[in-house]
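The residues making up each chain are set out below.
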Amino acid sequence: MKRPMTDSVEVLNADMAKKNLGGHWQLGFESYLAYPETTVQPCLWKWKDVYESLMRAGEVVGMDQAERRTIRLLNPALKERQATTHTIQFSFQYVKAGEHARPHRHTAAALRFILKGNGAYTTVNGQKCVMEEGDLILTPQLTWHDHTNDSGKPIIWLDGLDIPLVQSLQQLLFEPHPQEAQPIEKTSDQVALLYGHARPNAAAAAEFFHYKWSDTERCLSALVKTASPDRFDGYILEFRNPVTGGPTMPTIQCALELLRPGEETEAHRHTSTVIYHAFRGGGSSYVGDERFDWQQGDSFVVPLWYPHRHVNRAASEAVLFSMSDAPVLKSLHLYREEPAGL
Ligand code: GTQ
Ligand code: FE2
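Residues numbered from 1 in each chain as written. Chains lettered and ligands numbered in written order. Predicted model: local features only at pLDDT ≥ 70, side-chain atom pairs only at ≥ 80, totals over all residues. Heavy atoms only, no water.

Chemist: For this particular structure, what's the right way to read the overall build of the protein?
Modeler: The number of helices and strands found in the protein is 6 helices and 23 strands. Buried residues in the protein amount to 48% of all 342 residues. A separation of at least 24 residues holds for 74% of the contacts in the protein among residues at least 6 apart in sequence. When the accessible area of the protein is evaluated, it comes to approximately 17,400 Å², of which 53% is carbon and sulfur surface. One way to put it: in the protein the 34 positive side-chain charges average out to a point 1 Å from where the 41 negative ones average out. (Helix = DSSP H or I, 4+ residues; strand = E, 2+ residues; numbered from the N terminus. Buried < 20%, exposed > 50% of the residue type's maximum accessible area, 1.4 Å probe, protein only. Contact = heavy atoms within 4.5 Å. Areas by Shrake-Rupley, 256 points an atom, 1.4 Å probe, with all protein chains shown as cover. Lys, Arg positive; Asp, Glu negative; His and termini not counted. Charge placed at Lys NZ, Arg CZ, Asp CG, Glu CD.)

Chemist: What is the right way to read the site of ligand 1 from this model?
Modeler: Close contacts around ligand 1 come from Arg68, Thr70, Ser91, Gln93, His104, His106, Arg112, His145, His147, Asp159 and Leu161, and that covers them all. In the model, an oxygen atom of ligand 1 is placed 3.0 Å from a nitrogen or oxygen of the His106 side chain. Here an oxygen atom of ligand 1 and a side-chain polar atom of His145 are 2.9 Å apart. Protein chains shield 88% of the accessible area of ligand 1, which is 290 Å² for the free molecule. For the shell around ligand 1, the secondary structure elements donating two or more residues are β3 (89-95), β4 (100-106), β9 (145-148) and β10 (155-161). (Near = heavy atom within 4 Å. Polar contact = N/O pair within 3.5 Å; in protein donor to acceptor, adjacent residues only side chain to side chain.)

Chemist: How do you make sense of the nonpolar core when you look at a structure like this?
Modeler: Soluble globular proteins tend to pack their nonpolar side chains together in the buried interior. In this structure, Phe92, Leu111, Leu136, Leu158, Leu256, Phe321 and Met323 are the most contacted members of the largest nonpolar core, which totals 42 residues. Other than its neighbours up to four places away in sequence, Leu256 contacts Phe113, Trp213, Thr216, Leu220, Tyr235, Ile236, Leu237, Phe239, Val319, Leu320 and Phe321. In this structure, Tyr276, Val287, Phe300 and Leu320 belong to the second largest nonpolar core, which totals 11 residues. (Core = buried A, V, L, I, M, F, W, Y, C linked by side-chain atoms within 4.5 Å.)

Chemist: Any chance you could explain the side chain of Gln182 here in plain terms?
Modeler: Relative to the helices and strands, Gln182 is located in the loop between β11 (174-176) and β12 (186-187). Reaching out from Gln182, the side chain makes a polar contact with the backbone nitrogen of Asn125 at a distance of 3.5 Å. Apart from residues no more than four positions distant in its own chain, Gln182 is found in contact with Pro103, Thr123, Val124, Asn125, Gly126, Trp144, His145, Asp146 and His177.

Chemist: It is not clear to me how the pairing of strand β7 (residues 127-130) should be interpreted in this structure. Could you clarify?
Modeler: Regular strands place side chains that alternate from one sheet face to the opposite one. Covered by surrounding structure in β7 are Gln127 and Cys129 only, the residues Lys128 and Val130 on the alternate face being uncovered. Between strand β6 (residues 121-124) and β7, which pair antiparallel one after the other, the connecting turn spans 2 residues, and Asn125 there sits at a positive phi close to 45°. As paired elements, β7 and β12 share 2 bridges and run parallel to each other. Looking across to β12, one finds that Gln127 is bridged to Lys186. (Pairing = 2+ DSSP bridges.)

Chemist: Just checking my understanding: could you explain the sheet that holds β12 for this structure?
Modeler: Adjacent strands of a sheet pair through backbone hydrogen bonds, lying either parallel or antiparallel. With mixed pairing, 6 strands are arranged side by side in an open sheet as β11-β4-β9-β6-β7-β12. Edge positions in the open sheet fall to β11 and β12, since each of these has one partner strand only. Here β4 pairs with β9 via 3 bridges, running antiparallel. Of the residues in β9, the one forming a bridge with Ala101 is His147.

Chemist: Is there a simple way to explain the state of the cysteines in this structure?
Modeler: This model, assessed by the stated rule, comprises 0 disulfides. With no disulfide partner, Cys129 has as its closest neighbouring cysteine sulfur the one in Cys254, 15 Å distant. Its relative accessible area of 0% is what places Cys254 among the buried residues. (Disulfide = S-S within 2.5 Å.)

Chemist: Honestly, the sheet that holds strand β17 (residues 274-280) in this entry has me stumped. Any pointers?
Modeler: Strand order in the open sheet formed by 6 strands is β1-β20-β17-β22-β15-β14, and the pairing between neighbours is antiparallel. With partners counted over all chains shown, the strands left at the sheet margins are β1 (43-45) and β14 (235-238), one partner each. On average, each strand axis in the sheet is tilted by 20° relative to the strand beside it, whichever way the strands run. As defined by bridge partners, β17 adjoins strand β20 (residues 299-302) across 4 bridges and the pair is classed as antiparallel. Bridge pairing in β20 places His277 opposite Ser299. Lying over the sheet, helix α5 (residues 213-226) contacts β14, β15 (253-259), β17 and β22 (318-324), oriented at roughly 145° with respect to β14. (Axes fitted to C-alpha atoms, helices over the stretch in contact; angles between N-to-C directions.)

Chemist: Please explain the coordination of the iron ion (ligand 2) as it appears in this structure.
Modeler: Tetrahedral coordination by four donors puts the ideal angle at the metal at 109.5 degrees, and octahedral coordination by six puts it at 90 or 180 degrees. Within the first shell, the iron ion (ligand 2) binds the protein through His104 (NE2), His106 (NE2) and His145 (NE2), at distances of 2.1 to 2.2 Å. Its relative accessible area of 11% is what places His106 among the buried residues. Using a relative accessible area of 1% as the deciding quantity, one classes His145 as buried. (Donors = N, O, S within 2.8 Å, 3.2 Å for Na, K, Ca; no water.)

Chemist: Quick question: what am I supposed to make of the pairing of β6 here?
Modeler: Residue alternation in β6 divides its side chains into two sets, Tyr121 and Thr123 and Thr122 and Val124, and both sets are buried. In this sheet, β9 lies alongside β6 in antiparallel orientation, the contact comprising 4 bridges. Pairing of Thr123 across the sheet is with Asp146, part of β9.

This is how it looks when you write it as structure tokens:
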């Protein structure tokens, strides 16, 4: 090919652009940072605002109008993507007495943590999981799930889904179930018995979906009595897969952090992004330059690499539920953490 008589970087760049080519020299030096940078913003959502919107949705949004009556927390920096963080979508779901949310499945993995109400149930692959406050129920990728509220009372839970991650991998699929409700084959109480210290080999075919608050609470109070807190996270309990000992799900790690009265954690930062929800009590979290004062029902985001620490100045214990994308970072060998001044 003929080169122009007076070639230059500018002429070359312009000619390459016409052929879908680009030179490394066209990148700015801003792409050479010694630390990870995120567009996700620290953000706090107050329960009062969420609850008011949920109650209004209960009046104006029928189950025939929406596959699910959920309200999503939208990160102000991710308005286009309509997501809470770049990896996780956090929502609240409200199911009134007598309502049923029809069965479906999707490649996005989901989890529910029950906040208010009890006695309704989620059916996961034919397994009936009756919900109590503080229970964690998983619907891993492509498991069928529908929600039935025959408890006579309304119920509210939080949903966590890896939708933004699965979407960025261009793998988001959805399929409705052919029936109005899944036939029930067994209960999560029956299945739980198969995952004890004595267990059949069949337990390896993981169908453990239900962590009950009664078990979690016992574990938490034993932890406080027998161990010392983590310097960065207070008393922390991770919800592990009982078969593999690995993360809650391949893309999301769920945990509880308990802060005793007067507890102040030290600041650290990590390459995972965390969404917190105040399940019990209140406190303050310092995230970068922000200070979030939270009460029961509030939620907030700690974006990756932001230094953060938590304080409980109240006279009672505070318990934070958290969801993080750490398993993704770890499996890609991108997880790092370090103490940080704040
Ligand atoms: O309950 O099945 O928050 O499919 C988003 C998508 C909940 C659910 C959400 C869902 C669900
Ligand atoms: Fe779903």
